[in-house]
Amino acid sequence: MLKLSYNATDKLQSLFSHSHQPDPLLHRRRTVSSSVSCSHLRKTVLDPLRATVSADQGSVIRAEQGLGTLADQLRLGSLTEDGLSYKEKFIVRSYEVGSNKTATVETIANLLQEVGCNHAQSVGFSTDGFATTPTMRKLHLIWVTARMHIEIYKYPAWGDVVEIETWCQSEGRIGTRRDWILKDVATGEVTGRATSKWVMMNQDTRRLQKVSDDVRDEYLVFCPKDLRLAFPEENNRSLKKIPKLEDPAQYSMIGLKPRRADLDMNQHVNNVTYIGWVLESIPQEIVDTHELQVITLDYRRECQQDDVVDSLTTTTSEIGGTNGSATSVPQDHNDSQFLHLLRLSGDGQEINRGTTLWRKKPSNL
């Protein structure tokens, strides 16, 4: 699942030793001074290190002191100067694009998952796939996805370089949130935004649990002190409640089964798989003439390897803000909107509900 992934204290060293590496994707050498200032970490971990090092100096320190892995050194990502968010560059590969040579929404979702995991590792949380703090591991607590919202304004093409920034914040007493901003490295243009909500669950009982002050103190130290939202607009689409789709649905794909490759490291169906299942019941004429602009998914139930899933879709006339006002996404008469439901084939239990907004494909595709 799309989980914040974290490691033990030995990785805390990388908070300061991560620095912007020369970017071979852009065919130029870029030496950037990376200055990270976090007194709470400097006192406990980094007294032997200087808090400000150049990119080349950072690589030398890692090599001499055995800090980080080869992946850390090759990865084109690092914490920002204040240490409260993380940025990473990705090149769009040939196997990540569709027939129109642009990245698929599943590719975008996978990149969001990857940068979230890498951010988590960079600040020292566990690598077990659950994004757990020491207190969470002691109490057998994990994070599970409650909502995922993605807006894509321009899909990157094969060979494009995308920079994704991500950060976490508290979300009430029972959860947390992670936001993302996507940019085209060549132009600096914001090409997409995303936000997600997570709740805490007991791994043994599978029951939701409030976030304790101990846990909150462990992860809030890595979060922005002031509220920062990928979608700051009032009544934006990410806040909209999703009604349940009732039978009969206009379109359906029955009997979907998880593949072995759909399971994540926690032996549950990966969050990105749900996106693919939702899209399976979109009518072909929409797929041929439109591209996905917005997708929002509420996760209601875990899906296991042996489950059989039905994907249901119905056209809807309006998906607005929380009070029906205009949203941050411009719409015109060519847009198409749908309501979605994933449920178990056997007993009809709800797995996932969602909404999508589709825009006309550009004329050059």
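Since this is a predicted model, take the numbers as computed values, not measurements. (Residues numbered from 1 in each chain as written. Predicted model: local features only at pLDDT ≥ 70, side-chain atom pairs only at ≥ 80, totals over all residues. Heavy atoms only, no water.)

### Focus on the pattern of salt bridges
Thought 1: Counted under the stated rule, the structure contains 13 salt bridges.
Thought 2: Ionic pairing is found between R177 and E171, a salt bridge with its closest N-O pair at 3.5 Å.
Thought 3: Accessibility expressed as a relative area gives 25% for E171, which makes it partly exposed.
Thought 4: Linking D247 and R343 is a salt bridge whose minimum nitrogen-to-oxygen distance equals 3.1 Å. Of this pair, D247 sits in the loop between helix 7 (213-220) and strand 9 (251-256) while R343 sits in strand 12 (residues 336-344); the two residues are 96 residues apart in sequence, bridging distant segments of the chain. (Salt bridge = Lys/Arg side-chain N within 4 Å of Asp/Glu carboxyl O. Buried < 20%, exposed > 50% of the residue type's maximum accessible area, 1.4 Å probe, protein only. Helix = DSSP H or I, 4+ residues; strand = E, 2+ residues; numbered from the N terminus.)

### Description of helix 5 (residues 105-122)
Thought 1: Between the first and last C-alpha of helix 5 there are 26 Å, a value that for 18 residues agrees with the 26 Å anticipated at 1.5 Å per step.
Thought 2: With respect to burial, helix 5 is a largely interior element, 14 of its 18 residues being buried.
Thought 3: After helix 5 finishes, the residue G124 shows a positive phi value of roughly 100 degrees. (Expected span 1.5 Å × (residues − 1).)

### Side note on the confidence of the model for the protein
Thought 1: On average, residues of the protein score 80 in pLDDT, and 75% of them are at 70 or above.
Thought 2: Low pLDDT, under 50, characterises residues 1-66; the stretch is placed with 166 contacts to residues that sit more than four places away or in other chains.
Thought 3: Every residue in residues 320-330 scores below 50 in pLDDT, and together they form 28 contacts with partners more than four places removed in sequence or on other chains. (pLDDT = per-residue confidence, 0-100. Contact = heavy atoms within 4.5 Å.)

### Some details on the nonpolar core
The nonpolar side chains of soluble globular proteins are, as a tendency, buried together.
Thought 1: Formed by 57 residues in total, the largest nonpolar core has its most connected members in L112, I150, I164 and Y274.
Thought 2: Taken together, domain 1 (72-239) and domain 2 (242-319 + 332-364) each give at least three residues to this core, which thus spans both.
Thought 3: Among all residues touching I150, those that are not within four sequence positions of it are I108, A109, L112, R193, A194, I275, Q293, V294 and I295.
Thought 4: By size, the runner-up hydrophobic cluster in this structure holds five residues, among which are I242, L245, L312 and L339. (Core = buried A, V, L, I, M, F, W, Y, C linked by side-chain atoms within 4.5 Å. Domains from an automatic or database assignment.)

### Structural notes on the pairing of strand 10 (residues 290-299)
Thought 1: Most of strand 10 sits out of view: ten of its ten residues are buried.
Thought 2: Pairing between strand 5 (residues 141-152) and strand 10: five bridges, direction antiparallel. Bridge pairing in strand 10 links H149 to T296.
Thought 3: Bridging between strand 10 and strand 13 (residues 350-360) involves nine bridges; their strand directions are antiparallel. Bridged to I295 within strand 13 is T356. (Pairing = 2+ DSSP bridges.)

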